[in-house]
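# Report on the structure
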Amino acid sequence: MRHTPPMRERLSVKARAIVGAVGILVVAGLVLAVAPWTVSSDALRAAVERQLEHELGLAFPVAGRTTVAFLPSPRVKFEDVRLADAAGTPLVEGGALRGQLAWGPLVLGRIRLTEVSLAQSRIVVPVDPQGRSPWDGTLARLSDRLGEPGGALVGAIGLLDTTIVYTDAGASRREVIHDADLTLSWPNGRGPVSLSGSAAVRGEAISIALSQLDPSALAAGARSPMDLRLSGRLGRLAVSGSVATGRDSPWLTGSVSFETRAAREVLAWTGARLPLGPLVGPLSLEGEASGVGRTLSFSALRLGLGGAPLEGAITARLADGRLGLSGTLAATTTDLTRFAAPVIEAGDPASPLRRVPLTLSQHTAADLDLRLSASEARIGAVRLAEVAMSVLVNAGRIETTVSRAGLAGGEIRGRFALADAPNGVEMRLEAEGTRVDLGALGRSLGSAWIAGPATSDIALIGTGVDADALLAALQGAIVVEVGAGEFAGVDLAEALRRFERQPLTATRTLRSGRTPFSSAVARLEVEDGVGRIVDAGFESPQLSGMLEGTVSLAARRIDAKAAVESVTPVGDDNLISALTFAFRGPLTDVTLVPDAKALIQRSGAARLLLGTPEPVQPDATIPAFAPAAQQ
């Protein structure tokens, strides 16, 4: 008798067969969904093109193949893409466009992109002489879409290894950004937008991070928060605050910080111009900023120029393409050496800058009106106290005015100006000092051969194509008067006494000792870079002396004769004694050359042996007024 399986068993076998078939279908579906499909249907392209045209106003012809996959998320890839404006002007060429598809519309049979990225494409941004660009339509379409209620936009746009070419026909300018790897995130086209990534701009890799920016608020004329961070090899910039697009309202309000250790490289990289730009080294700034129109104002500013920070306020204005800076800064201590270095170095006779053509074009490419105060300032080895000064830079002109500055226990004031001239650069120097301790000043400069409180008055003007020519053309006058002081490294009183007793040994005291004086004066008339000594001498209870000759300002050398005589009789003959010297050499290392003929004639033994001698040139010179530290 034939056995018939129970109904439950028959159903179980059938169920297992159905489950197995469904499993096979699911696995096959998964494989097919995960695997990318190459399709040729125009429907998918048309759907994507409609979305791009509706949201961005861009046409979307595709020359290459189209690939679609559904798992782990539905996505599509178009190769060899081309995006154009409504007039057919190409805006994006080549590369691949990848898009993420929304599940909901896909289930309902519609195609909608939620994320888009371009890889290895070329984006062109042309601007015509009237300031118009084919991208204007895209921006207008975005602005219109922002105003549409519920108008969803692509939530993220990415660039990978993309080149961006910007051309401005009106400014004859072309910029190419390479290796752009950027991601713009804007969920649902509402709320804040963020941008992050990097790009190579003019050969420098720049990291970019933008957040909190709300395009919807800007489109509605409201303010939007913003946080921007840029960083690279040359430095870093951070801006945090709010921005607006209104003409009258501040377009920026917030805090700004910037730091670089190579300001000159930054200026060369950006093409920007700063007053005295070639002299700026490390630069940092941090403060509150407010921008209105073409003006950006910084308050509570901390400005670093490689030393202690200066604090105050600065306003930057752009007028007719030229930058102008104005403001007030104060510091406890500041180092001005970098800004004075070209002038100091050009004054050195051995400097290679002496024959370099003078030009102010780079230093005066932007304007500056700055008032500066400091408790202490340094220029090389010279230290100034309680400085109040101003710096004015205009096209072809630099002027520095010192209203007050303490120097070596005294005070100085003056004005130094450089200006472009038809035959080179014109220099003007007007300065005066009161009770400046020459001993303290000399020690700081390494040549303390005279001490005493000095009052000075200097007025010089000259023009030249280089420093040599300018110094050789100087005209003016120099007056220095010194109160009670001394010459260091020389004992002239003892030299006179020896001159009467043992003339040939008189010069031994020229190598050491000191010569006090009650007053000293030097007046020079400068013509063609040479100062003629018209009145120079000193007085003391024991001695008096005078000097005549010339001082070369270009070579910084003196060539003069000095005569010293006793005020009271000396020696066995109870007569007035006198000595003469050649006074010559660099101003920082002057030497006394005794009148050998006079010494020999004064010596009786020498007269008997030599008769009337011919003038004798000594084999060696004797350092005059050597610093006390060298004695």
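Our subject is the structure listed above.
Counting restarts for each chain, with residues numbered from 1 along the sequence as it is written. Only residues with pLDDT of 70 or above have their local features reported here, since the model is predicted, and side-chain atom pairs are shown and tallied only from 80 upward, although totals for entire chains, interfaces and linings are computed over all residues. Working from all heavy atoms in the structure, the side-chain values ignore hydrogens and water.

### A closer look at the overall build of the chain
A run of DSSP states H or I qualifies as a helix once it reaches four residues; a run of E qualifies as a strand once it reaches two. Both are numbered from the N-terminal end. Scanning the chain for helices and strands turns up 12 helices and 36 strands. Relative to all contacts within the chain whose residues are 6 or more apart in sequence, the contacts with residues 24 or more apart total 49%. Each accessible area is a Shrake-Rupley estimate made with a 1.4 Å probe; only the visible protein chains count as cover when residues are assessed. When the accessible surface of the chain is totalled, it reaches about 33400 Å², and 58% of it is carbon and sulfur. In what follows, residue pairs with any heavy atoms lying within 4.5 Å of each other are defined as contacts.

### A few points about helix H6 (residues 263-270)
Burial here depends on accessible area, computed with a 1.4 Å probe over protein chains only, as a share of the maximum for the residue type. Under 20% is buried, over 50% is exposed, and the range in between is partly exposed. All buried positions along H6 are accounted for by Ala263, Val266 and Leu267. Buried residues in H6, looked at end-on, bunch into an arc of 100 degrees, giving them a common side. Elements in contact with the buried residues of H6: strand E15 (252-260) and strand E16 (283-292). Remark: glycine 271 follows H6 within two positions and exhibits a positive phi of approximately 80 degrees. Note: the arc covers the axis-to-C-beta directions of the helix.

### Description of the pairing of strand E33 (residues 557-566)
Here E33 shows one buried face, formed by Ile558, Ala560, Ala562, Val564 and Ser566, and one open face, formed by Arg557, Asp559, Lys561, Ala563 and Glu565. Two strands pair under a simple rule: DSSP has to find at least two bridges between them. Bridge count between strand E32 (residues 543-552) and E33: 10 bridges; the pairing is antiparallel. From the neighbouring strand, glycine 549 faces E33, where its bridge partner is alanine 560. Both E33 and strand E34 (residues 578-586) contribute to a ladder of nine bridges, which runs antiparallel. Opposite glutamate 565, over in E34, you have alanine 578 as the bridge partner.

### Some words on the pairing of E15
Across eight bridges, the pairing between strand E14 (residues 235-243) and E15 is antiparallel. Looking at E15, one finds that leucine 237 is bridged to phenylalanine 258. Direction of pairing for E15 relative to E16: antiparallel, over a ladder of nine bridges. In the sheet register, glycine 254 faces E16, and the bridge partner there is alanine 289.

### Regarding the sheet that holds strand E28 (residues 485-488)
Pairing is antiparallel in the open sheet, where three strands are placed in the order E25-E28-E29. The open sheet has two free edges, formed respectively by strand E25 (450-451) and strand E29 (514-517), since each of these has just one partner strand. Judged from the two bridges that link them, E25 and E28 form a sheet pairing that is antiparallel. Residue alanine 451 lies in a different strand from E28, and its bridge partner there is glutamate 486.

### Regarding the side chain of glutamate 204
Structurally, the position occupied by glutamate 204 is in strand E12 (residues 204-213). On the basis of relative accessible area, glutamate 204 is assigned to the buried category, the value being 13%. If sequence neighbours within four positions are ignored, glutamate 204 has contacts with Ala199, Arg233, Leu234 and Trp269.

### Structural notes on the nonpolar core
The term nonpolar core refers to a set of buried residues drawn from Ala, Val, Leu, Ile, Met, Phe, Trp, Tyr and Cys, joined through side-chain atoms within 4.5 Å. In this structure, Leu329, Leu474, Ile533, Phe538, Leu547, Ile558 and Phe583 are the most contacted members of the largest nonpolar core, which totals 83 residues. Ranked by size, the runner-up nonpolar core spans 19 residues in total, among them Val116, Trp135, Leu159 and Leu182.

### With respect to the packing of aromatic side chains
Here a pair means two rings of Phe, Tyr or Trp (six-membered ring of Trp) with centres within 6.5 Å. Their orientation is stacked below 30 degrees between planes, edge-to-face above 60, and tilted elsewhere. A complete count under the given rule lists three aromatic pairs for this structure. Ring geometry for phenylalanine 487 against phenylalanine 538: centres 5.3 Å apart, planes inclined by 80 degrees, an arrangement best described as edge-to-face. With phenylalanine 487 in strand E28 and phenylalanine 538 in strand E31 (residues 530-539), this pair connects stretches of sequence that are 51 residues apart. Exposure remark for phenylalanine 487: the relative accessible area of 8% places this residue in the buried category. The class of phenylalanine 538 is buried, set by a relative accessible area of 7%. The rings of Trp449, Phe487, Phe517 and Phe538 are connected pair by pair, giving a single aromatic cluster.

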